[in-house]
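Chain by chain, the residues run as shown.
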Amino acid sequence: MSEPQCSRAASISTPIEPNVLRPITLPERDWPGEGGEPGGEVTPGEGSTQTQRIVLPKFVVAPEAPETRVVGKPEVKVDALKLVKGNPAFVDDFEMRGMLHARLLTSPHAHARILDIDDSEALALPGVHAVIHYKNVPRVRYASGGQSYPNPKPYDQVSFDNKVRYVGDRVAAVAAETPELAEEALKRIKVTYEVLPAVFDENEAIREGAPVIHDEPDMEGAYDAAHNISHYIEAEVGDVEKGFEQADLVFEQTYRVHQVQQAPIEPHICIGYWDADERLVLRTSTQVPFHVRRMVAPLLGLPVKRIRVIKPRIGGGFGSKQEMLLEDIVGHLVMATNRPVRLQLNRTEEFMSSRTRHPQTIHYKTGVKRDGTLVAQKMIVIGNTGPYAAHGLTVQTVTGMRGLSTYNCPNKRFECYVAYTNIPVPGAYRGYGAPQAHFALESHMEEIAEALGMDVVEFKRKNWVKPGDPLDIAPQLGEGEAEISAVPIVVTSGLAECIAQGMNAIGWERRYDPAWRAPAERPHIRRGIGMAVCMHGTAIPGLDMGAASIKINDDGSFNLLVGATDLGTGSDTVLSQIAAEVLGVPLEDIIIYSSDTDMTPFDTGAYASSTTYISGTAVKRAAEDLREQIKERVGLMLGLDDWSGVELRDRRAYAPDGRSLSLEEIALHALHQHDQRQLMATASFVSPDSPPPFAGQFAEVEVDIQTGQVTVKKLVMAVDCGVAINPITASGQVEGGMTQALGYAHCEEMAYDENGRMVNPAFGPYKIYRADEMPELDVYLVQTVEPTGPFGAKAVAEIPKDGVAPALASAIYNATGVRIRQIPFTPERVWRALREAGVAG
């Protein structure tokens, strides 16, 4: 493969040859470099000896990509200034007079019945205003996952139960004048437990005779609660058993994936209070404010109209905040005390009482022809949903979808049992079932290629889906209540180019060089290079809906209101760029306000890689409607019989005859001077499509065969996300996703003692990569133009989580010849595998 030419920086709006790689030119005012050039070295400050090299994302430009002025440009995030200045923006920056502080009492047992709670000593403590628990809170069943109406069953939770099902489960909550008083009150609550047998492994939980986790008589909607099965899922295309009969070879293997925590820097926090109209206001760190309002209302016994949910700036979520987790507790305490109440989880509680990723046992059976053609594939998953099935159904359906859609196969079958256990609750986590699937699938496909004597890339290329191919199992694996009537067809894919760029960037040819893999000067070191193919989704078709409204101001600026939730992902910036592009103004002329259930239009929330595609299309449609109103007003002002040819650019409206008006002039005319009215528009969007983004993930590792230590030297990801609305935030998503995925694959793990208590609920013992430990990261954005997306965009947020684990497994095998089918690749696990294979030094 020829080396891509990267010698000269070029703007993506500069005409260049297709598939020639060049970095983006960034505005000098925002990205200072040495000598005023981007990509130079920036000195942090006087007295510092460190320098920082700005690494720019690299593009392969599609020739059919639209010419744009704001979209596709590396605009600075709209919230950047307020964050670097430390302006109050987060939940905890909000203070109220008379605010009480809440604390949670959680279970010390993995499984126990609460025989009694005595809160008298706690209530007798001066300054304690309320203690709530199962004795004084109404028993209303619900499911806590932040998903669209109606929430998928089972409804297996109540605010406070007389049974606890994991270490960290709710027992009681207190509200007091100070945090210290609240903590002291917890110590004075006397709880009498009957400890019950517990089960933690998903395979053991569904066996006959296992402890029954949900034995309550009002349990609603589980598939088989008596055997700890919340859901059973099956889907089939073709005849998989006949396919195995037709196969020349059949391969079977089992893979295990583990439990990790999202670890957002900002833990869960909510502040609640009555406003002047005696409506409950919940200022909360959530990804799903509209879902929270709908879900919390019946638990509090309030109508939706008496609840307002405000999402301020969020310090990370990654799925953990796609949940109604604290809001009901805060609401109950506000109602009990008639005072503002603040509740924030500490880091230990964030690990043990928040949400996590689902562990799974994944079994593949695959039939192939001798030429490498897939003919049958069966995937059996045992998913571990902990004691509550908040996202138990939908995460597992995504696992099946991703595990059986990346490659063409005429006969395929998915079976899944979702098991109740006594571990802390799994829920939504970035990737949402796909990282689990891809680890197993990509590892399995590489093992098949090896057995067939085929090059792994060529084997995968032979079978991966291409434009025009159907995703035939998708109609059977829609999320929750979503239904897909027609079989989706892949329309756009840059996967082949992603793989080519990634192979070139990682130095793929070294994979086959024995001298490089076993350096003579370092006899205990083995080197390897691995890869994985990734395919994800873009929103939930037929279910995710976003809305936007936009109006013009006196000075020609615009207010954009959206329900979409920015978690730090940059969605406020991307949506503002879309509006600015349509209306012909710079980004600073769009003032965006998001995620307030009273003030902004509805949006399902920030999940399923949906915001740019769904909410972005809603913004684009609203802006287009407003643009037509502005053009009509120009026609009135200039006396045009036909105003359809009016164009908006550079803050002005240009008539076909060359005359122009500023947007300020137009706004003042519409608002104050003649035939006055507010120029504004609202639009909504829900899509029947879910165009898949594609990616190639590559990894380079060194393995110390004496200790089992794996050192990751470089990660490369080339991503087809359609047209990146903002290439800098898009590449940041890829870098951040790879960083999280690296922790998932390599070192992060929730560890428990024999009683189910997490032994490492803190940063440090729970190992997250530090900045100075990170490998080199390289990001390539391979453009395609998705016809259903705004300006050609597809999703980018979650696919970076999907490929690192299988790419590391591939690289470790290339280095050592040893297959490891369980993550994470900790030194102990790798050393044991090497020793069993006779490789360890």
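Everything below is about the structure shown above.
We now turn to the structure provided with this report. (Residues numbered from 1 in each chain as written. Predicted model: local features only at pLDDT ≥ 70, side-chain atom pairs only at ≥ 80, totals over all residues. Heavy atoms only, no water.)

## What to know about the overall build of the protein
- For the protein, the helix and strand inventory stands at 19 helices and 30 strands.
- The C-alpha radius of gyration of the protein comes to 28 Å, within 12% of the 28 Å expected for a compact globule of 841 residues.
- The proportion of buried residues among the 841 residues of the protein is 61%.
- Looking at the protein alone, contacts between residues at least 24 apart form 79% of all its contacts between residues at least 6 apart. (Helix = DSSP H or I, 4+ residues; strand = E, 2+ residues; numbered from the N terminus. Rg over C-alpha atoms; globule rule 2.2 N^0.38 Å. Buried < 20%, exposed > 50% of the residue type's maximum accessible area, 1.4 Å probe, protein only. Contact = heavy atoms within 4.5 Å.)

## Side note on the pattern of salt bridges
- Applying the stated rule across the entire model yields 54 salt bridges.
- What emerges from the salt-bridge pattern is a single network uniting Arg139, Arg141, Asp161, Arg165, Glu216 and Asp218. (Salt bridge = Lys/Arg side-chain N within 4 Å of Asp/Glu carboxyl O.)

## Observations concerning the nonpolar core
- Counting residues in hydrophobic clusters, the biggest one holds 111 residues, and the most contacted among them are Phe414, Ile499, Trp508, Leu808 and Phe825.
- The residues contacting Phe825, other than those within four sequence positions of it, are Phe439, Val710, Ala745, His746, Ala805, Leu808, Ala809, Ile812, Ile820 and Val830.
- Formed by 47 residues, the second largest nonpolar core is a distinct cluster that contains Ala564, Ile614, Leu638 and Ala653. (Core = buried A, V, L, I, M, F, W, Y, C linked by side-chain atoms within 4.5 Å.)

## Thoughts on the pairing of strand E20 (residues 525-535)
- Among the 11 residues of E20, 10 are classified as buried, and the element is accordingly described as predominantly covered.
- Strand direction decides the pairing type here: E20 and strand E28 (residues 694-704), joined by 11 bridges, are antiparallel. Across the sheet, Ala532 pairs through a bridge with Gln697, a residue of E28. (Pairing = 2+ DSSP bridges.)

## Examining the sheet that holds strand E6 (residues 112-118)
- An order of E8-E6-E10 is seen for the 3 strands of this open sheet, with the pairing classed as antiparallel. Each edge of the open sheet carries a strand with a single partner, namely strand E8 (163-164) and strand E10 (190-195).
- The pairing of E6 with E8 spans 2 bridges and is classified as antiparallel. Paired with Arg113 across the bridge in E8 is Lys163.

## Description of a negative patch on the surface
- A surface patch of negative charge is lined by Asp554, Asp555, Glu664 and Glu665.
- Mapped onto the secondary structure, Glu664 falls in helix H16 (residues 663-673).
- By relative accessible area, Glu664 is classed as partly exposed at 40%. (Patch = residues over 30% accessible without salt bridge, like charges linked within 9 Å, V, L, I, M, F, W, Y side chains within 5 Å. Areas by Shrake-Rupley, 256 points an atom, 1.4 Å probe, with all protein chains shown as cover. Lys, Arg positive; Asp, Glu negative; His and termini not counted. Charge placed at Lys NZ, Arg CZ, Asp CG, Glu CD.)

## Observations regarding the state of the cysteines
- Enumeration according to the criterion identifies 0 disulfides in this entry.
- For Cys534, which is in no disulfide, the shortest distance to another cysteine sulfur is to Cys498 and amounts to 9.5 Å.
- For Cys534, a relative accessible area of 0% puts it in the buried group.
- Between Cys747, a free cysteine, and Cys534, which holds the nearest cysteine sulfur, the sulfur-to-sulfur gap is 19 Å. (Disulfide = S-S within 2.5 Å.)

## Considerations on the pairing of strand E15 (residues 307-310)
- Side chains Ile307 and Val309 of E15 all project onto a buried face; the interleaved residues Arg308 and Ile310 project onto the opposite face, where all are buried too.
- The pairing of strand E14 (residues 280-284) with E15 spans 4 bridges and is parallel. Its bridge partner being in E15, Leu282 is matched across the sheet by Val309.
- Crossover E14 to E15 through helix H6 (residues 289-300) is right-handed. (Right-handed = clockwise from strand over helix to strand, strands pointing away.)

## As for the packing of aromatic side chains
- Throughout the structure, instances matching the rule amount to 12 aromatic pairs.
- Judged by centre distance (4.8 Å) and plane angle (45°), the ring pair of Tyr232 and Tyr417 falls under tilted. Here the residue Tyr232 occupies a position in strand E11 (residues 229-237), and Tyr417 occupies one in strand E19 (residues 412-419), the gap between them amounting to 185 residues.
- Residue classification places Tyr232 among the partly exposed residues on the basis of a relative accessible area of 24%.
- Ring centres of Phe351 and Tyr766 lie 4.8 Å apart, and the angle between their planes is 55°; on these two criteria the pair is classed as tilted. Of this pair, Phe351 sits in helix H8 (residues 347-352) while Tyr766 is found in the loop between helix H17 (727-746) and strand E30 (776-782), placing the two residues 415 residues apart along the sequence. Summarising the burial analysis for this pair, Phe351 and Tyr766 share the class buried.
- Members of the aromatic cluster, connected to one another through ring pairs, are Tyr223, Tyr232 and Tyr417.
- Just above the ring of Tyr744 sits the side chain of Arg357; from NZ or CZ to the centre is 5.1 Å. (Phe/Tyr/Trp six-rings, centres within 6.5 Å; stacked < 30°, edge-to-face > 60°. Lys NZ or Arg CZ within 6 Å of the ring centre and 35° of its normal.)

## Observations concerning unusual backbone geometry
- Omega for the bond connecting Lys153 with Pro154 falls within 30 degrees of zero, at 15°, which places this linkage in the cis form.
- Looking along the chain, the bond that leaves Ile823 and enters Pro824 is cis, with omega of 5°.
- The phi dihedral of Phe318 is positive, around 55°, even though this residue is not glycine.
- Inspection of the secondary structure puts Phe318 in the loop between E15 and helix H7 (327-337).
- The phi torsion at Ser595 lies on the positive side, around 65°, for a residue other than glycine.
- Its place among the elements puts Ser595 in the loop between strand E23 (590-594) and helix H15 (611-638).

## Here's the deal with the sheet that holds E19
- Across the sheet, which stays open at both edges, the 5 strands sit in the order E11-E19-E18-E17-E12 with mixed pairing between neighbours. Looking at strand neighbours, the two that pair on one side only are E11 and strand E12 (249-257), the edges of this open sheet. This sheet shows a mean twist of 10° between the axes of neighbouring strands, independent of strand direction.
- With 9 bridges connecting them, E12 and strand E17 (residues 360-368) associate as antiparallel partners. Looking at the pairing, Val250 lines up with Gly367 of E17. (Axes fitted to C-alpha atoms, helices over the stretch in contact; angles between N-to-C directions.)

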